[in-house]
Each structure stands twice: as C-alpha cells, then as structure tokens.
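# Overview (structure and organization)
Listed below, chain by chain, are the residues.
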Amino acid sequence: LARIEADRERCIGSGLCAMAAETLFDQDAHDGRVLVLVEEVPAELTAAAREAVSLCPARALSLSKD
Ligand code: SF4
C-alpha cells in the first residue's frame with residue numbers, strides 16, 4: 001500500500017488534488033488547504049493518487065511505500 005503525505009505548509013489550496021481524486025482529498029473549509037481523507041491508498045486508487053501528486057502545483061503531495 002502507498003501512503004499519501006501532504007505538506008500543508010506548502011499547499012496553496014488550488015484544489016487540483018481533490019478534483020483529481022475526490023475520494024482521497026478534500027479542502028479545508030476555512031483555508032482551502034488539502035485534507036487527506038484516506039492516508040493508506042487502496043490499490044485501485046493508486047493511479048488517481050499518483051495523478052493528484054503530479055498535478056499539485058505546490059509539490060505539496062508525495063506518495064511513499066510502507
Ligand atoms: S493540489 Fe496541491 S496545492 Fe492544490 S490543494 Fe492539493 S495539495 Fe494543495
């Protein structure tokens with residue numbers, strides 16, 4: 001399983017991750033920064049998670065293997 005790591009200090013609240021993978025990410029209602037909904041990515045969502053990581057304009061997201 002891959003694990004999502006989000007650096008909320010770098011996040012600029014663009015929301016692209018939530019658009020790319022709405023089951024994995026949301027945005028904070030107050031500051032717009034990323035909220036990781038599912039930290040341990042199920043296999044069927046790995047591609048969506050990778051896409052979200054690559055789309056992030058702030059490079060705030062990464063995937064790591066446990
Ligand atoms: S794509 Fe990156 S900058 Fe945009 S909300 Fe997600 S983590 Fe933040």
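Above this note sits the structure.
In what follows, the accompanying structure is described.

Here is what the cut-offs are and how they apply
Residues numbered from 1 in each chain as written. Predicted model: local features only at pLDDT ≥ 70, side-chain atom pairs only at ≥ 80, totals over all residues. Heavy atoms only, no water. Near = heavy atom within 4 Å. Nonpolar A, V, L, I, M, F, W, Y, C, P; charged D, E, K, R; others polar. Helix = DSSP H or I, 4+ residues; strand = E, 2+ residues; numbered from the N terminus. Pairing = 2+ DSSP bridges. Contact = heavy atoms within 4.5 Å. Axes fitted to C-alpha atoms, helices over the stretch in contact; angles between N-to-C directions.

## Thoughts on the site of the ligand
- Surveying the vicinity of the ligand reveals the residues C11, I12, G13, S14, G15, L16, C17, V34, C56, P57, A58 and L61.
- Residue composition of the shell around the ligand, by class: 9 nonpolar, 3 polar and no charged.

## A look at the environment of R59
- Topologically, R59 is positioned in the loop between α2 (46–55) and β5 (61–65).
- Linking R59 and R33, residues 26 residues apart in sequence, is a C-alpha distance of 13 Å.

## As for the sheet that holds strand β4 (residues 40–41)
- The antiparallel open sheet is built from 3 strands, whose spatial order is β4-β1-β5. Only two strands of the sheet have a single neighbouring strand rather than two, namely β4 and β5.
- Along the sheet, α2 makes contact with β4 and β5, crossing β5 at roughly 140 degrees.

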